[in-house]
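Residues per chain are reported as follows:
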Amino acid sequence: DGGITQSPKYLFRKEGQNVTLSCEQNLNHDAMYWYRQDPGQGLRLIYYSQIVNDFQKGDIAEGYSVSREKKESFPLTVTSAQKNPTAFYLCASSITQGKGYTFGSGTRLTVV
Amino acid sequence: QKEVEQDPGPLSVPEGAIVSLNCTYSNSAFQYFMWYRQYSRKGPELLMYTYSSGNKEDGRFTAQVDKSSKYISLFIRDSQPSDSATYLCAIAAGNKLTFGGGTRVLVKP
């Protein structure tokens, strides 16, 4: 079955550490996205990529980095520069940008 | 002012009632309108997708778009306890998708 796989489901980070969240899709979608979701708030766009080896900052990119070396994969690194990283992170993909997205099941990141 | 406004709820209804959800938006360039359902600790799943003013039905779900008022709605008929979730509107213009904050819905048996 086609879909998006995010791992791990739960992740704990110590202060000052970088952590990487995995996102893999087998839908053959060109566009991929990372969103952050906080309680009571909507989804906020961190980074997006329309094609391999290309990505753009979203609304809240500070403290995050991404890569897009393969069409299927779009990992997100939460760096130590991100001061409030505790949140639910969602990866999504779409055939073309701006249309209906398919989401992964999310990664819940907690700073300990 | 947020580009897409959505009442956070919670909205509590008895089983079998009609659930009425709505969003307002400010950017008249928005072209595509979507509704997502999100269960707790899960990713959102696409429920409805439309790009024109008017109504679109899919089973128990009806999406309504009024571009002149910049207002979109989702109606759920014969609501079931399994419909209890957070519903997010999402609106696209060109290469950007903007989400509302979501409305939490609770359908009581």
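Note: the structure precedes this text.
Predicted model, so just to flag it, every value in this text is computed and none were measured. (Residues numbered from 1 in each chain as written. Chains lettered and ligands numbered in written order. Predicted model: local features only at pLDDT ≥ 70, side-chain atom pairs only at ≥ 80, totals over all residues. Heavy atoms only, no water.)

Undergrad: In this structure, what is going on with the overall build of chain A? I would like to understand it.
TA: A count of helices and strands for chain A gives zero helices and 11 strands. Taking the principal axes of the C-alpha coordinates as reference, chain A spans close to 35 × 25 × 25 Å. Within chain A, the proportion of its 112 residues that are buried is 49%. For chain A, restricting intrachain contacts to residue pairs at least 6 apart in sequence, the fraction spanning at least 24 positions comes to 53%. (Helix = DSSP H or I, 4+ residues; strand = E, 2+ residues; numbered from the N terminus. Buried < 20%, exposed > 50% of the residue type's maximum accessible area, 1.4 Å probe, protein only. Contact = heavy atoms within 4.5 Å.)

Undergrad: Quick question: what am I supposed to make of the interface of chain B and chain A here?
TA: How big an interface is tends to be reported as the loss of accessible area on association of its parts. Listed by partner, the interface residues are 19 residues for chain B and 20 residues for chain A. Of the roughly 1,500 Å² buried between chain B and chain A, counting both surfaces, carbon and sulfur atoms make up 54%. Along the contact surface separating chain B from chain A lie zero salt bridges. On the surface where chain B and chain A come into contact, there are two residue pairs in polar contact (both at pLDDT 80 or more). Only strand 4 (32-38), strand 5 (45-50), strand 9 (85-93) and strand 10 (96-99) of chain B provide two or more residues apiece to the side of chain B that touches chain A. Of the residues contributing to the side of chain B that touches chain A, the split by class is 10 nonpolar, six polar and three charged. (Buried area = accessible area lost by both parts, 1.4 Å probe. Salt bridge = Lys/Arg side-chain N within 4 Å of Asp/Glu carboxyl O. Polar contact = N/O pair within 3.5 Å; in protein donor to acceptor, adjacent residues only side chain to side chain. Nonpolar A, V, L, I, M, F, W, Y, C, P; charged D, E, K, R; others polar.)

Undergrad: Explain the state of the cysteines here, please?
TA: In protein chemistry, a disulfide is the covalent bond that joins the sulfur atoms of two cysteines. Under the defined criterion, the tally for this structure stands at two disulfides over all chains. Disulfide pairing places C23 of chain A opposite C91 of chain A at an S-S distance of 1.9 Å. The sign of the -75° torsion about the S-S bond sets the C23 of chain A-C91 of chain A disulfide as left-handed. Here C91 of chain A lies in strand 9 (residues 87-94) and C23 of chain A lies in strand 3 (residues 19-25), a separation of 68 residues in the sequence. In this structure, C23 of chain A and C91 of chain A share a single accessibility class: buried. Each disulfide pairs two cysteine sulfurs, and for C23 of chain B the partner residue is C89 of chain B, the sulfurs being separated by 2.0 Å. (Disulfide = S-S within 2.5 Å.)

Undergrad: What is the right way to look at the packing of aromatic side chains in this model?
TA: Two descriptors summarise a pair of aromatic rings, namely the distance from one centre to the other and the angle between the planes of the rings. The final tally for this structure, using the stated rule, is 15 aromatic pairs over all chains. A network of ring pairs unites the aromatic residues Y33, Y35, Y101 and F103 of chain A together with Y36 and F99 of chain B as a single cluster. Above the ring of F74 of chain A, the side-chain terminus of R68 of chain A is found at 6.0 Å from the ring centroid. (Phe/Tyr/Trp six-rings, centres within 6.5 Å; stacked < 30°, edge-to-face > 60°. Lys NZ or Arg CZ within 6 Å of the ring centre and 35° of its normal.)

Undergrad: Which parts of the structure should I look at to understand the pattern of salt bridges?
TA: Working definition: two side chains of opposite charge can pair if their charged atoms are close together. In this structure the tally under the stated criterion is six salt bridges over all chains. The shortest N-O distance in the salt bridge between R77 of chain B and E57 of chain B comes to 3.7 Å. Remark: E57 of chain B occurs in strand 6 (residues 54-58) and R77 of chain B occurs in the loop between strand 8 (71-76) and strand 9; sequence separation between them is 20 residues. The class of R77 of chain B is partly exposed, set by a relative accessible area of 30%. Judged by relative accessible area, which is 59%, E57 of chain B ranks as exposed. Linking D83 of chain B and R60 of chain B is a salt bridge whose minimum nitrogen-to-oxygen distance equals 2.9 Å. Pair noted here: D83 of chain B is in the loop between strand 8 and strand 9 and R60 of chain B is in the loop between strand 6 and strand 7 (61-66), with a separation of 23 residues, a long-range link. On the accessibility criterion, D83 of chain B (1% relative accessible area) is buried. On the basis of relative accessible area, R60 of chain B is assigned to the partly exposed category, the value being 26%. One network of salt bridges, with partners in common, ties together R36, D38 and R44 of chain A.

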